[in-house]
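The chain contents come next:
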Amino acid sequence: MKTPSKRAILNPNPNNLSSTREAGFSVEQLAKILNATQVGHTDVKIHGIASLGSARPGDLTHLSNVYYRKHLKHTKATVVILARKDVDDCPTVALVVGEPYQAYAQISHLFDDQPQVAEGIHASVDIHPSASLAENVRIGPFVSIAENAVIGADVSIDSGVHIGANCTIGKGTRLYANVCVYHGVQIGQFCVIHSNTVIGADGFGFIPKSNGELQSIAQLGSVKLGSHIDIGAGCTIDRGALDDTIIEDGVKIDDQVHIGHNCKVGAHSMLCGCTGLGGSVEIGAHCILAGGVGVAGSGPLSIASKTTIGAMTFVSQSITEPGTYQGATLHTDIRSWRRNAKRFTRLEDVVQRVLKLEKQLAAKVRELEK
Amino acid sequence: MKTPSKRAILNPNPNNLSSTREAGFSVEQLAKILNATQVGHTDVKIHGIASLGSARPGDLTHLSNVYYRKHLKHTKATVVILARKDVDDCPTVALVVGEPYQAYAQISHLFDDQPQVAEGIHASVDIHPSASLAENVRIGPFVSIAENAVIGADVSIDSGVHIGANCTIGKGTRLYANVCVYHGVQIGQFCVIHSNTVIGADGFGFIPKSNGELQSIAQLGSVKLGSHIDIGAGCTIDRGALDDTIIEDGVKIDDQVHIGHNCKVGAHSMLCGCTGLGGSVEIGAHCILAGGVGVAGSGPLSIASKTTIGAMTFVSQSITEPGTYQGATLHTDIRSWRRNAKRFTRLEDVVQRVLKLEKQLAAKVRELEK
Amino acid sequence: MKTPSKRAILNPNPNNLSSTREAGFSVEQLAKILNATQVGHTDVKIHGIASLGSARPGDLTHLSNVYYRKHLKHTKATVVILARKDVDDCPTVALVVGEPYQAYAQISHLFDDQPQVAEGIHASVDIHPSASLAENVRIGPFVSIAENAVIGADVSIDSGVHIGANCTIGKGTRLYANVCVYHGVQIGQFCVIHSNTVIGADGFGFIPKSNGELQSIAQLGSVKLGSHIDIGAGCTIDRGALDDTIIEDGVKIDDQVHIGHNCKVGAHSMLCGCTGLGGSVEIGAHCILAGGVGVAGSGPLSIASKTTIGAMTFVSQSITEPGTYQGATLHTDIRSWRRNAKRFTRLEDVVQRVLKLEKQLAAKVRELEK
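The rules behind each value
Residues numbered from 1 in each chain as written. Chains lettered and ligands numbered in written order. Predicted model: local features only at pLDDT ≥ 70, side-chain atom pairs only at ≥ 80, totals over all residues. Heavy atoms only, no water. Helix = DSSP H or I, 4+ residues; strand = E, 2+ residues; numbered from the N terminus. Rg over C-alpha atoms; globule rule 2.2 N^0.38 Å. Buried < 20%, exposed > 50% of the residue type's maximum accessible area, 1.4 Å probe, protein only. Contact = heavy atoms within 4.5 Å. Areas by Shrake-Rupley, 256 points an atom, 1.4 Å probe, with all protein chains shown as cover. Phe/Tyr/Trp six-rings, centres within 6.5 Å; stacked < 30°, edge-to-face > 60°. Buried area = accessible area lost by both parts, 1.4 Å probe. Salt bridge = Lys/Arg side-chain N within 4 Å of Asp/Glu carboxyl O. Polar contact = N/O pair within 3.5 Å; in protein donor to acceptor, adjacent residues only side chain to side chain. Least-squares fit on C-alpha atoms with pLDDT ≥ 70 in both. Pairing = 2+ DSSP bridges. Axes fitted to C-alpha atoms, helices over the stretch in contact; angles between N-to-C directions. Parallel < 35°, antiparallel > 145°, perpendicular 65-115°, else oblique. Left-handed = near helix turned anticlockwise from the far one by under 90°. Nonpolar A, V, L, I, M, F, W, Y, C, P; charged D, E, K, R; others polar.

*Asks:* Could you clarify how one ought to interpret the overall build of chain A in this entry?
*Replies:* Counting its regular elements, chain A contains five helices and 38 strands. In terms of overall dimensions, chain A is more spread out than a globule: its C-alpha atoms have a radius of gyration of 27 Å, far above the 21 Å expected for 370 residues. Principal-axis analysis of the C-alpha atoms places the extent of chain A at approximately 90 × 65 × 40 Å. Evaluated residue by residue, chain A yields a buried proportion of 61% over its 370 residues. Sequence separation of at least 24 residues holds for 21% of the intrachain contacts in chain A that already meet a minimum separation of 6. Accessible surface, chain A: about 14500 Å² in total, of which carbon and sulfur atoms supply 49%.

Right, dumping it as structure tokens:
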């Protein structure tokens, strides 16, 4: 079973080239869009985009990562986006650009065949009469929208989505199937939220009573998302206790990310899969948190803008200097690990023994030198 | 865009002060509810609750955490809940209590404006005729309830929830949108379960056959939740293989927590976000597992009551003594980390070299002393 | 409240013994199914299966794990599956087999009382006219199936499931409530996918533009699942950027597992709860990744077939030799941890001091020996 490479069929063309979508793109058209230097020529029209290793004639591909260079000379693609240094090894037409990966990112949307939610509002929906829907809203089946929600123009809401009372959803935002948005949440324009993500559930606020039972604290804040935010599937972004949880413009969040109450994530930061932020964590702008990072401390905690945190790192203290940080340990065979991990539990003792050795040796040396 | 502070509008008033909700509360009323000493007086009625830094006139606020003390002298709030030691720095009316955070937790519910599920049963639901619904049940759209389920009085079930056959849901419990409860699960009274949480999916039981394929083990147990349990969004609590998975009264579970089959979580324990329990883990009562904790061993594993486990800790062996435990590593700049983490993979060698040094030095010393 | 042990009521009997399900099984029947040596006899019919500790008369149980051996002599079960070495301590009828746990896995399905999705197609569904449904498909309420989806024979789809355009779902596969399958995803035969799992959401592909904003890369690949795959609740398996994300036959995935775009998981591998794979990770066949494992590197990364990774391990480099690997640290009391973890951040310094000591001592020894 071989998947055909992806064809440009359905999507609105961001470059007003819609008439050419089905006919395919000429190499010259693609070169112009990318402002690329074309090396070689072909009359073959480009209908699809694929990776170097799996591309076929009629496909566009790209070489952006040294890991895949070995596939260049054997590629079956008709056109390859690449950097100047790789052009001599290209067996076919090349589009030479300064940043091949960026060029690929840009051109990839020409070939996106992702289906839209069907036009209009499905008959099965449950929309409160007080909710307001702007023009060109698309709403799939089994969607519920509660009182006073305000849905902007061109919003797409897929099946099974629940939108609570008093929410606002900005223009052009897309909510995939089964997303849940609690009451009072504000979502900006042109956001994308993938399936089964939950925005605005109660923050985790409980304190022990004198009898050991846990008393809940009402979570009265909400969640405010800016614009141009992408959120993956299965995420949870909790509402604030009093003030709001805030995600600024352009933030990109991968799948299964958890953001606790009263966090603030600065503009254009990236949070990779399975990362979790405890309550009241403040992430600056343009940060990258790789996968599986955990940020939580005994009090509020902040990470400076332009900070990168490596995968699986535990951040328990604020980071005030931008830079790249990492925690965690490396894997080894399990026998070595058992010994090393056990030693780690007494690392202080080892260091004390080294200190003692240093003192003993120095004393002995002094003694001998007398 | 500024969010107004939260107003007390909709919620049932736990102190029978409903007539005063819209009119606002007098400071004297709040002092009485909290059994607080009032310092100063105002005729301004309290309509909202907000944090020290964002409160406005007409708001109540609290000072419970030293991190926020800097905001006290500039607060615009009309009333501040605080401890005796902070009263002199308070620029406005103070309510002095022994435990300001507890007092705030208690009073916060007066101002909760969270909408309820609409009264009655939505016309779109699919409820099996054999299911039994007690009085005053509220059921939103697109809910399915299978055969022989028993839904207690005052239960609220939001849109898109699925309840399997033979489940019981106790009085006053609330299930938020798109929660899935598998067949035979028992949920006690006054529980709160947030969106997209799944209770009772199959435990992960597979064993390799001689040909390397994996054979499933039927998961015939169920899940039993006690009463007064709160569960966050996106959690998974698996059914037992033979015996049930058990969550006792008053347990509080944050978002994206995973509880494997046949676990038992003792009363009034807290599991913070992204924590995962492997199969057959037994957590005692009054435990706290911070965020991102993983508990899994080669056999069943238990944690003593009143144990606290710090964030991102891997617990691979039972803990029999109550106390506070921690694992994981601290972050550093990535260059230091690379060197240190590499050394960790040979920590045993380092220790052996220290031991050798100790022996050599001791031998040399003895030799010299002869 | 005591749960009755599980009764064999509803399920199709894999051994064509359906007539005996309600009547119960004789020990001789069970011995024959398991190819076991029967020690002792009873006329009591076996109606249920339970653990050693909670079994009652009329139940079958098993002893497979040394942790539970203490319960053997007190068991109330009528029949115990066990190994030859334990037969002398068995107070009741024994079925002696070579591999008790495998025998229990096999026989457990006789007693599975899990309800099926109701026959037929619920009236509330939204199925596109171009979708194709094979015979004996069961579809619950509030399910949406988009254009050109192909649903195989005997497929069960529970309430609230969303299936995107152009998906194919193979024969006998079961999707539990609120599963989301994006467009173009291919799922093989006899798979089981638990609630709120999302398959085919966009991979996490963003690159920074020169102004620091993040540009998305269209995710044009899809997800291909083989046959006989089990996936737990709350998982996310992302679609590929160009090529597909691939899960091969017989893979078993626990709850809350995340699989990034363009990963490939080899046949018959197991991924335990809360494990996350970054993009372009390739896991071989017959691997076991325990809970909370994170696999992510700076480039594509692969793990050799027949590799086992221990819980909470961070794998940042490829593993080329099959074996058992582990990372992470062990927990200790928090005071010791604070000291040790701080020392870890300067482990290289400690090692350098040991090296220096070795040199000093060697020099001094040489000096003295002159």
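That covers the picture; the talk isn't over yet.
*Asks:* I would appreciate a short explanation of the packing of aromatic side chains in the present structure.
*Replies:* Each aromatic ring pair is specified by the distance between its two centres and by the angle formed by the two planes. All chains considered together, the criterion is met by 18 aromatic pairs over all chains. With 5.5 Å between their ring centres and 70° between their planes, F25 of chain A and F111 of chain A make a pair best called edge-to-face. Of this pair, F25 of chain A sits in the loop between α1 (18–23) and α2 (27–34) while F111 of chain A is found in the loop between α3 (100–108) and β7 (126–127), placing the two residues 86 residues apart along the sequence. Residue F25 of chain A is classed as buried on the basis of its relative accessible area of 0%. The class for F111 of chain A is buried, based on a relative accessible area of 0%. Seen in terms of ring centroids, Y182 of chain B and Y176 of chain C are 5.0 Å apart; in terms of plane orientation they differ by 25°. Their pairing is stacked. Residue Y182 of chain B is located in the loop between β16 (180–181) and β17 (186–187), and its partner Y176 of chain C is located in the loop between β15 (174–175) and β16 (180–181); the two belong to separate chains. One aromatic cluster is present, formed by F142 of chain A, F142 of chain B together with F142 of chain C through successive ring pairs.

*Asks:* Where do I start with the interface of chain A and chain C in this structure?
*Replies:* Interfaces are often described in size by the accessible area the parts lose on coming together. Between chain A and chain C, the contact holds 80 residues from the first and 86 residues from the second. Buried surface at the junction of chain A and chain C, both sides included, amounts to about 6800 Å², of which 65% is carbon and sulfur. Broken down residue by residue, the surface that chain A buries against chain C is led by F142, H331 and F344 of chain A, which jointly contribute 10%. Counting across the chain A and chain C interface gives two salt bridges. Across the pair R343 of chain C and E348 of chain A runs a salt bridge whose closest N-O atoms are separated by 2.7 Å. Linking chain A with chain C are 30 residue pairs in polar contact (both at pLDDT 80 or more), by the criterion used here. Breaking the side of chain A that touches chain C down by element, the ones donating at least two residues are α3, β26 (252–253), β29 (270–271), β38 (332–333), α4 (334–344) and α5 (347–369) of chain A. Per-element accounting of the side of chain A that touches chain C gives the leading share, twelve residues, to α5 of chain A.

*Asks:* Sorry if this is basic, but what is going on with the relation of the copies chain B and chain C here?
*Replies:* Between the two chain copies there is a screw-like relation: a rotation about an axis and a shift along it. Between the two copies, chain B and chain C, the superposition gives an RMSD of 0.0 Å; the rotation angle is 120° and the shift along the axis is 0.0 Å. Here the copies are linked by what is in effect a three-fold axis.

*Asks:* Sorry, what's going on with the sheet that holds strand β33 (residues 294–295) of chain A here?
*Replies:* All names here are of chain A. Reading across from one edge, β7-β10-β13-β16-β19-β24-β27-β30-β33-β36 is the order of the ten strands in this open sheet, with parallel pairing throughout. At either end of the open sheet lies a strand with only one pairing partner, and these are β7 and β36 (314–315). In the sheet, strand β27 (residues 258–259) pairs with strand β30 (residues 276–277) via two bridges, with the strands oriented parallel. The residue of β30 that forms the bridge with I259 is L277.

*Asks:* Please clarify how the packing of α5 of chain A against helix α5 (residues 347–369) of chain C should be interpreted in this entry.
*Replies:* The angle between the axes and the distance between the axes are what describe a pair of packed helices. Following both chains from N to C, one finds α5 of chain A and α5 of chain C inclined at 30°, their axes separated by 10 Å at the closest point. Between α5 of chain A and α5 of chain C, the crossing angle belongs to the class labelled roughly parallel. You can see that α5 of chain A and α5 of chain C cross each other, and the crossing is left-handed. Residues L347, V351, V354, L355, L357, E358, L361, V365, L368 and E369 of chain A of α5 of chain A touch α5 of chain C, and the partners they reach there are L347, V350, R353, V354, L357, Q360, L361, K364 and L368 of chain C.

*Asks:* Any chance you could explain the pairing of strand β6 (residues 93–96) of chain C here in plain terms?
*Replies:* Moving residue by residue along a regular strand, the side chains alternate between the two faces of the sheet. Residue and element names in this part refer to chain C. Of the two faces of β6, the one holding V93 and L95 and the one holding A94 and V96 are both buried throughout. The sheet contact formed by strand β2 (residues 37–39) and β6 spans three bridges and is antiparallel. In the sheet register, Q38 faces β6, and the bridge partner there is L95. In terms of strand pairing, strand β5 (residues 79–82) meets β6 through four bridges, oriented parallel. Each bridged residue has a counterpart across the sheet, and for L82 the counterpart in β6 is V96.

*Asks:* Help me out: how do you make sense of the environment of I46 of chain B in this one?
*Replies:* All names here are of chain B. Note on placement: I46 falls in the loop between β2 (37–39) and β3 (48–49). A relative accessible area of 0% means that I46 is categorised as buried. Residues I46 and H71, spaced 25 residues apart in sequence, show a C-alpha to C-alpha distance of 20 Å. Beyond its immediate sequence surroundings of up to four residues, I46 is in contact with G24, F25, L30, G58, D59, L60, T78, V79 and F111.

*Asks:* Help me understand unusual backbone geometry in this model?
*Replies:* The residue N196 of chain B is not glycine, and still its phi comes out positive at about 65°. Take N196 of chain B: it is sitting in the loop between β18 (192–193) and β19 (198–199). If you check the backbone angles, C274 of chain C has positive phi at about 70° while not being a glycine. Along the chain, C274 of chain C turns up in the loop between β29 (270–271) and β30 (276–277).

*Asks:* I would appreciate a short explanation of the sheet that holds strand β18 (residues 192–193) of chain C in the present structure.
*Replies:* Hydrogen bonding along the main chain pairs the strands of a sheet, whether they run parallel or antiparallel. As summarised here, the arrangement of the eleven strands in space is β38(A)-β37(C)-β35(C)-β32(C)-β29(C)-β26(C)-β23(C)-β18(C)-β15(C)-β12(C)-β9(C), forming an open sheet in which the pairing is mixed. Every other strand in the sheet has two partners, leaving β38 of chain A together with β9 (138–139) of chain C as the edge strands with one partner each. Sheet topology note: the β9 of chain C/strand β12 (residues 156–157) of chain C ladder contains two bridges and is parallel. Each bridged residue has a counterpart across the sheet, and for I139 of chain C the counterpart in β12 of chain C is I157 of chain C.

*Asks:* How should I be thinking about the pattern of salt bridges in this particular structure?
*Replies:* Two side chains with opposite charge may pair up if their charged atoms get near one another. Applying the stated criterion across every chain yields a total of 30 salt bridges over all chains. The salt bridge partner of E248 of chain A is K264 of chain A, with a shortest N-O separation of 3.8 Å. Remark: K264 of chain A occurs in strand β28 (residues 264–265) and E248 of chain A occurs in the loop between β25 (245–247) and β26; sequence separation between them is 16 residues. Between D158 of chain C and R174 of chain C there is a salt bridge; the shortest N-O distance is 3.5 Å. Taken together, the positions of D158 of chain C in the loop between β12 and β13 (162–163) and R174 of chain C in strand β15 put the pair 16 residues apart, joining distant regions of the chain. Owing to a relative accessible area of 11%, R174 of chain C belongs among the buried residues under this scheme. The network of salt bridges with shared partners includes R69, K85 and D86 of chain A.

*Asks:* Sorry if this is basic, but what is going on with the interface of chain B and chain C here?
*Replies:* The interface of chain B with chain C comprises 86 residues on the first partner and 80 residues on the second. Considering only the surface of chain B that becomes buried against chain C, F204, L220 and F314 of chain B emerge as the three largest contributors, covering 11% of it. Run the count over chain B and chain C and you get two salt bridges. One can count 30 residue pairs in polar contact (both at pLDDT 80 or more) joining chain B with chain C. Of all elements in the fold, only β20 (206–208), β21 (214–216), β36 (314–315), β37 (324–326), α4 (334–344) and α5 (347–369) of chain B reach the threshold of two or more residues within the side of chain B that touches chain C. The element best represented in the side of chain B that touches chain C is α5 of chain B, accounting for nine residues. Split into classes, the residues belonging to the side of chain B that touches chain C amount to 39 nonpolar, 34 polar and 13 charged.

*Asks:* Please clarify how helix α3 (residues 100–108) of chain B should be interpreted in this entry.
*Replies:* Quick reminder: α-helices carry 3.6 residues per turn. Residues three or four places apart thus point the same way. Buried residues of α3 of chain B: P100, A103, Y104, A105, I107 and S108 of chain B, and no others. The elements touched by buried residues of α3 of chain B are β20 (206–208) and β21 (214–216) of chain A together with α2 (27–34), β3, β4 (59–62) and β5 (79–82) of chain B.

*Asks:* Hey, could you run me through the side chain of D230 of chain B in this one?
*Replies:* Inspection of the secondary structure assignment puts D230 of chain B in strand β23 (residues 230–231). Polar side-chain contacts of D230 of chain B include one of 2.8 Å to the side chain of K252 of chain B. In contact with D230 of chain B, not counting residues within four places along its chain, are F206 of chain A together with V192, V251, K252 and I253 of chain B.

*Asks:* Before we go on, may I ask you to explain the environment of A218 of chain C in this structure?
*Replies:* Residues and elements named next belong to chain C. Here A218 shows up in the loop between β21 (214–216) and β22 (223–225). Since its relative accessible area comes to 4%, A218 is described here as buried. Sequence separation between A218 and G203 is 15 residues, and the spatial gap between their C-alpha atoms is 8.7 Å.

*Asks:* It is not clear to me how the side chain of S222 of chain C should be interpreted in this structure. Could you clarify?
*Replies:* Relative to the assigned elements, S222 of chain C resides in the loop between β21 and β22. Not counting residues up to four positions away in its chain, the partners in contact with S222 of chain C are H183, G184, V185, R239, G240, D243, D244 and T245 of chain C.

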